[in-house]
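Here are the chains, one letter per residue:
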Amino acid sequence: MIQVRVWDWPTRLFHWTLAGLIIALVITGNVGGNAMVWHFRCGYGVLSLLIFRIIWGFCGGHWSLWRHLAFTPALVWQYLRPSAPRTNFLGHNPLGSLSILAMLALLGLQVSTGLFSDDEIANSGPLARFVAESTVSLATRWHKGYGKTLVLLLVAIHLLAILWYLVKKKENLTRAMLTGNKTAEAPAPSSNDGPVNWLLAVLCLLISGGLVF
């Protein structure tokens, strides 16, 4: 059995920072009032991270690249078939790849609608003044209702999947995202995870934060 560096430091920091910001967004959104200042800041943080992850998918570690996400229809169908031979995926398996894309897309939609939302009390998104009232109303209804519910639902499914892998398949996905390493039965490509890789990640994050600013 061989230890392979699958998740580089930037990918892991992205994952855990995004998780923390989502928790903070739910809390501050429910508290309201003065906490909305931090709700907006956390929202800008999530948007910066989403842009970073898009860029990182083209220049990051081997297993973080978009081209290594196994989400083609054929792979998904093969993975779901009970009679199909089991294949070990060092990176995300086909369902995991789809869930990652769904989560990133939904978070992107949720943050985007937040930019156009208005609670008609004291808080409005920075772009709300540039669109029609009907658009603001639609964005607000999605952001506070369906969008929030779907995000929480996907997070719950994500956590249940991690628990299922731990109990049924004896595979600790959380530990892999903490250490960056996975065990492989044969040699496999490792993700670059050194100072040059980290400096590139900082540059990508600065570009993402600058765009949001």
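Calculation notes
Numbers given to residues run from 1 along each chain, matching the order in which its sequence is written. Predicted model: local features are reported for residues with pLDDT of at least 70 only, side-chain atom pairs are reported and counted for 80 or more only, and whole-chain, interface and lining totals are derived from all residues. Hydrogen atoms and water are omitted, and side-chain values are computed over all heavy atoms in the structure. Salt-bridge detection follows one rule: a side-chain nitrogen of Lys or Arg within 4 Å of a carboxyl oxygen of Asp or Glu. Numbering of helices and strands runs from the N terminus, with a helix taken as a DSSP run of H or I at least four residues long and a strand as a DSSP run of E at least two residues long. Note on classification: 1.4 Å probe, protein chains only; a residue is buried when its accessible area is under 20% of the maximum for its type, exposed when over 50%, partly exposed between these limits. Here, any two strands with at least 2 DSSP bridges between them count as paired. Buried Ala, Val, Leu, Ile, Met, Phe, Trp, Tyr and Cys residues form a nonpolar core when they are joined through side-chain atoms within 4.5 Å. The contact criterion used throughout is that any non-hydrogen atoms of two residues lie within 4.5 Å. Axes here mean lines fitted to C-alpha atoms, for a helix over just the part in contact, with angles spanning 0 to 180 degrees between N-to-C directions. Throughout, the term roughly parallel applies to angles under 35 degrees, roughly antiparallel to angles over 145, roughly perpendicular to angles from 65 to 115, and oblique to all others. Crossings are sorted by hand: turned counterclockwise from the far helix by less than a right angle, the near helix makes the crossing left-handed, and turned clockwise it makes it right-handed. Nonpolar residues are Ala, Val, Leu, Ile, Met, Phe, Trp, Tyr, Cys and Pro. Charged residues are Asp, Glu, Lys and Arg, and all others, Gly as well, are polar.

Asker: How would you sum up the pattern of salt bridges? Please name residues and give values.
Answerer: One pass over the structure, following the stated rule, counts 3 salt bridges. A salt bridge links Asp193 to Arg5; the shortest N-O distance between them is 2.4 Å. In this pair, Asp193 sits in the loop between strand 2 (181-184) and helix 7 (195-212) while Arg5 sits in strand 1 (residues 2-5), placing the two residues 188 residues apart along the sequence. According to the relative accessible area criterion, Asp193 is buried, its value standing at 19%. Residue class for Arg5 comes out partly exposed when judged on its relative accessible area of 25%. Among the ionic pairs, Arg12 bridges to Asp193, the shortest N-O distance being 3.2 Å. A residue pair is termed long-range when its members are at least 10 positions apart, and Arg12 in helix 1 (residues 9-31) and Asp193 in the loop between strand 2 and helix 7 qualify at 181 residues. You'll find Arg12 and Asp193 in the same group, each marked buried. Taken together, the salt bridges that share partners define one network made up of Arg5, Arg12 and Asp193.

Asker: Just give me the short version of the pairing of strand 2, but keep the residues and values in it.
Answerer: The alternating pattern of strand 2 places Lys182 and Ala184 on a buried face and Asn181 and Thr183 on a face that is not buried. In the sheet, strand 1 pairs with strand 2 via 4 bridges, with the strands oriented antiparallel. Bridge assignment links Val4 to a residue of strand 2, and that residue is Lys182.

Asker: So what's going on with the nonpolar core? Residues and values would help.
Answerer: Phe14, Leu18, Val46, Phe52 and Leu107 are the most contacted members of the largest nonpolar core, which totals 23 residues. Looking at this core, the elements with two or more residues in it are helix 1, helix 2 (36-59), helix 4 (94-115) and helix 7. Per element, the largest residue contribution to this core is 7 residues, and it comes from helix 2. When residues no more than four places from it in sequence are discounted, the contact partners of Phe52 are Pro10, Phe14, Ala201, Cys204, Leu205 and Ser208. Counting 7 residues, the second largest nonpolar core, distinct from the first, contains Val4, Trp7, Met177 and Ala184.

Asker: Which residues make up the packing of helix 4 against helix 5 (residues 133-168), and what are the values?
Answerer: Direction vectors running N to C along helix 4 and helix 5 enclose 155°, while the axes themselves pass 9 Å from each other. Accordingly, the angle class assigned to the pair helix 4 and helix 5 is roughly antiparallel. Seen from above, helix 4 lies across helix 5 with left-handed handedness. The residues of helix 5 that touch helix 4, namely those facing Ala102, Met103, Leu106, Leu107, Leu109, Gln110, Thr113 and Gly114, are Ala139, Trp142, His143, Gly147, Lys148, Leu150, Val151, Leu154 and Val155. Of the residues that constitute the contact of helix 4 with helix 5, the class distribution is 11 nonpolar, 5 polar and 1 charged.

Asker: Can you explain unusual backbone geometry? Please cite residues and give values.
Answerer: Even without being a glycine, Glu120 presents a positive backbone phi close to 60°. Residue position: Glu120 is located in the loop between helix 4 and helix 5. With a relative accessible area of 75%, Glu120 lands in the exposed category. The phi angle at Lys170 is positive, at roughly 55°, despite the residue not being glycine. Within the secondary structure, Lys170 is located in the loop between helix 5 and helix 6 (173-179).

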